[in-house]
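Commentary on secondary and tertiary structure
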Amino acid sequence: MEKKIGKPIMFVGTCSDAGKSVINAAFCRIFRQDGYSPAPFKAQNMSLNSYSTPEGGEMGRAQVVQAEACGIAPHTDMNPVLLKPTSDKGSQVILNGRPVGNMSAKDYFGNKSQKEELFREAQAAYRRLESRYNPIVMEGAGSISELNLRDRDITNMRMAMYAGADTYLVADIDRGGVFASVYGSIALLPPEERRLIKGIIINKFRGDVSLFDEGKKILRELTGVPVVGVIPYFQDIRIEEEDSVVLDSKSHSYREGKINVAIILLKRLSNFTDFDVLEMDERFNPYYTNHVDEVEKADIIILPGSKNTLADLQGIRANGIADAIVRAYKAGKKVVGICGGYQMMGMRLEDPDGLEGSLPAVLGLGLLPQVTVLEPEKITRQSRFAFLAGKEGKPDEFLCKGYEIHMGRTEQVGEASARPVALLEDGRPDGYYVDSHCWGCYLHGILDNPEVLDSLAEGLCPEHAETSFDYAAFKEEQYDRLADWVRKSVDLDYIYRNLGV
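From a predicted model like this one, the values you see are computed outputs, not experimental measurements.

**Topic: the overall build of the protein chain**
Check the secondary structure of the protein chain and you find 17 helices and 28 strands. Its C-alpha atoms give the protein chain a radius of gyration of 23 Å, within 12% of the compact-globule value 23 Å for 501 residues. Projecting the C-alpha coordinates of the protein chain onto the three principal axes gives extents of approximately 75 × 55 × 50 Å. For the protein chain, the proportion of its 501 residues judged to be buried stands at 56%. Within the structure as shown, the protein chain displays about 20,600 Å² of accessible surface, and the carbon and sulfur contribution to it stands at 48%. If you average the places of the 59 positive and of the 73 negative side-chain charges in the protein chain, the two averages end up 5 Å apart.

**As for helix α2 (residues 61–70)**
In terms of burial, α2 is a largely internal element, nine of the ten residues being buried. Three or more residues of α2 are buried, namely R61, A62, Q63, V64, V65, Q66, A67, A69 and C70.

**With respect to unusual backbone geometry**
A cis amide bond, omega 0 degrees, links N134 with the succeeding residue P135. As for its placement among the helices and strands, P135 is situated in the loop between α4 (112–130) and β9 (136–139). Positive phi is not limited to glycine here, since N96 has a value of about 50 degrees. Structurally, N96 can be placed in the loop between β7 (90–95) and β8 (98–104). A relative accessible area of 25% places N96 in the partly exposed class.

**Regarding the pattern of salt bridges**
All chains considered together, the criterion is met by 31 salt bridges. A salt bridge links E117 to R120; the shortest N-O distance between them is 2.9 Å. One end of the pair, E117, and the other, R120, are both in helix α4, three residues apart, so they sit about a helical turn from each other. Residue class for E117 comes out partly exposed when judged on its relative accessible area of 36%. Of the residues examined, R120 reaches a relative accessible area of 45% and is grouped as partly exposed.

**Quick notes on the packing of α2 against helix α16 (residues 471–487)**
Where α2 contacts α16, the axes come no closer than 10 Å and their chain directions differ by 80 degrees. For the element pair α2 / α16, the angle class is roughly perpendicular. Residue-level inspection shows V65, E68 and A69 of α2 in contact with α16, the latter providing K475, E476 and Y479. Each residue belonging to the contact of α2 with α16 can be placed in one class, and the counts come to three nonpolar, no polar and three charged.

**Looking at the nonpolar core**
Ranked by size, the top nonpolar core spans 66 residues in total, and within it L278, I325, I446 and L447 carry the most contacts. In terms of residues, this core owes the most to one element, helix α12 (residues 321–330), which gives six residues. Of all hydrophobic cores here, the second largest spans 51 residues; its members include M10, M78, Y126 and M159.

**Observations regarding a nonpolar patch on the surface**
Together, F179, Y183, I218 and L222 give the surface a local cluster of nonpolar side chains, amounting to about 330 Å² of exposed area. At the level of secondary structure, the elements contributing two or more residues to the nonpolar patch comprise α6 (178–187) and α8 (213–223). Relative to the helices and strands, I218 is located in helix α8.

**Re the sheet that holds strand β23 (residues 400–406)**
The strand order across the open sheet formed by four strands is β23-β22-β25-β26, and the pairing between neighbours is antiparallel. The two strands at the open ends of the sheet, each matched to only one other strand, are β23 and β26 (429–430). Relative to β23, strand β22 (residues 379–387) runs antiparallel, the two sharing seven bridges. Across the sheet, S383 pairs through a bridge with G402, a residue of β23.

**Observations regarding the pairing of β22**
For β22 and strand β25 (residues 422–424), the ladder comprises three bridges, and the chain directions are antiparallel. Residue pairing in the sheet places F387 in a bridge with A422 of β25.

**Here's the deal with the packing of aromatic side chains**
By the definition in use, this model includes 17 aromatic pairs. An angle of 35 degrees between the planes, with centres 4.8 Å apart, marks the rings of F11 and F27 as tilted. Taken as a pair, F11 in strand β1 (residues 9–13) and F27 in helix α1 (residues 20–33) lie far apart in primary sequence, 16 residues in all. F27 carries the same exposure label as F11, and that label is buried. Consider the rings of F234 and W485, whose centres lie 6.2 Å apart with planes at 80 degrees: the pair is edge-to-face. Of this pair, F234 sits in the loop between β12 (227–232) and β13 (259–264) while W485 sits in helix α16; the two residues are 251 residues apart in sequence, bridging distant segments of the chain. An aromatic cluster is present here, built from F11, F27, F31, Y36, Y168 and Y496 joined pairwise through their rings. Here the guanidinium or amino end of K3 rests over the ring plane of Y36, the centre of that ring lying 4.5 Å away. Seen from the ring of Y233, R206 lies directly overhead, with NZ or CZ sitting 3.7 Å from the centre.

How each quantity is defined
All chains use their own residue numbering, which begins from 1 and follows the written sequence. pLDDT decides what is reported in this predicted model: residues at 70 or higher carry local features, side-chain atom pairs at 80 or more are listed and counted, and totals for whole chains, interfaces and linings draw on all residues regardless. Side-chain metrics rest on all non-hydrogen atoms present in the structure, leaving aside hydrogens and water. By the criteria applied, helices consist of DSSP H or I runs no shorter than four residues and strands consist of E runs no shorter than two, each listed in order from the N terminus. Throughout, radius of gyration means the C-alpha value; the globule benchmark is 2.2 Å times the number of residues raised to the power 0.38. For every residue, the accessible area (1.4 Å probe, protein chains only) is compared with the maximum for its type, and the residue is labelled buried under 20%, exposed over 50%, or partly exposed between those bounds. Every accessible area reported is derived by Shrake-Rupley at a probe size of 1.4 Å, with residue values counting cover from the shown protein chains alone. Charge counting treats Lys and Arg as positive and Asp and Glu as negative, with His and both chain ends excluded. A charged residue contributes its charge at one atom only: NZ of Lys, CZ of Arg, CG of Asp or CD of Glu. Salt bridge, as used here, is a side-chain nitrogen of Lys or Arg placed within 4 Å of a carboxyl oxygen of Asp or Glu. Helix axes are fitted to C-alpha atoms over the stretch in contact, other axes to C-alpha atoms as well, and angles between N-to-C directions run from 0 to 180 degrees. In these notes the angle categories are as follows: under 35 degrees is roughly parallel, over 145 is roughly antiparallel, 65 to 115 is roughly perpendicular, and the rest is oblique. Should any heavy atoms of two residues lie within 4.5 Å, those residues are counted as being in contact. For this classification, the nonpolar set comprises Ala, Val, Leu, Ile, Met, Phe, Trp, Tyr, Cys and Pro, the charged set comprises Asp, Glu, Lys and Arg, and every other residue, Gly included, is treated as polar. Side-chain atoms within 4.5 Å are what join buried Ala, Val, Leu, Ile, Met, Phe, Trp, Tyr and Cys residues into a set we call a nonpolar core. Grouping into patches uses exposed residues only, defined as over 30% relative accessible area, and leaves out salt-bridged ones; the cut-off is 9 Å for like charges and 5 Å for nonpolar side chains (Val, Leu, Ile, Met, Phe, Trp, Tyr). Should DSSP find at least two bridges between two strands, the strands are regarded as paired. Pairing of aromatic rings covers Phe, Tyr and Trp, the last counted by its six-membered ring, and requires centre-to-centre distances within 6.5 Å; plane angles under 30 degrees mean stacked, over 60 mean edge-to-face, and any other angle means tilted. Any Lys NZ or Arg CZ found within 6 Å of a ring centre and within 35 degrees of that ring's normal is scored as a charge over the ring.

Encoded structure:
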């Protein structure tokens, strides 16, 4: 008989980047380890890191990570509303995996009737998910106490109320002010929402956790809610994070003895999780930069995806990065483009319908003999593919995996012959391969494949380093390590008792 839990569990925060997503992933793996069939859920996400599901929908990558921890395929029901910022004041709205238009923040948050419709869609997605999995491991967004947005909230306590979820408040002690943030977050909740808060989790504690024993007592006295866990800060467990603030903590400089990979730090950089694998593989030192001298030092330069490709292309022309990339290629460095970065590497990028703004066209870097025209239809699909199949003839197997999320049609110009980077299982070619030092494609996640990663390292690999890296196996190991770390740090018996186990 399948094991069941009586109700869902939800992790909310005192602030953004408190660690909700990672703790959620930990509990997804813990419930799976304990014989349940969990699934993640977050009603609304705001992120430029997204993913194509097997059905061809688009969702935020945080719930993809959590689905991996659950051992199940991602589905858009896990993240029915996704906001992808296109400017400082506006976002593309993805509903149930499909784009439904661009909206300013004022229109999105100010239109109460529309938010109610989105809330109904989120409720429906939750019900569909609940019918297939148990328990649902829910995640909030930002702070639970944004008073000016309370009546339009579709992600935090309104969703917890709807689902009847046991709710745990996550606070980042490393940020400082943990007593005020915890007390204030709970005190500002109305009584019916406050009753859902079953416990407090103090996250990112540095040092001896026993030193916080008195702090636990003080918080219990202040809030009436027990501290059910103090989770030590960790640096050696590697879990993908989607919040762009983590870019500030990533490497930004060259290191001797490694294959140095400069990832261009675009203003609207998207899907930076494409490059997490480079951080895990000991051969590479990836760093994010928009400084010309750091670009010129690198062995490999990667142009990543962008949510506003024309504007970002103009930006790297203005700051000298575009010229530095071309110079680096001529000097024998490797240059790779993915998605929007691939489009930038061509001769020209056109936007005749003004999909990204007022720029009708921008000259590309001229490294690939191609022109890209942006089109309204958004391509979102997963693909199996053979890497560089054209060099070896027809492939027997399509062993590599990736996914597409883009708007645009890219075609060769003049008499340039097709030289695809990938031959997809459905027969479509993707990308353009000049040689091992210059190529680009639309496939996100392409570097997660050992064959591609080894090709990237070819001719640059330090002698002492391993020659291959299995990222999928590495991630499974990290989910187990994370679950063990959190399991040791929380009162799991208390949590299970409240859930009715």
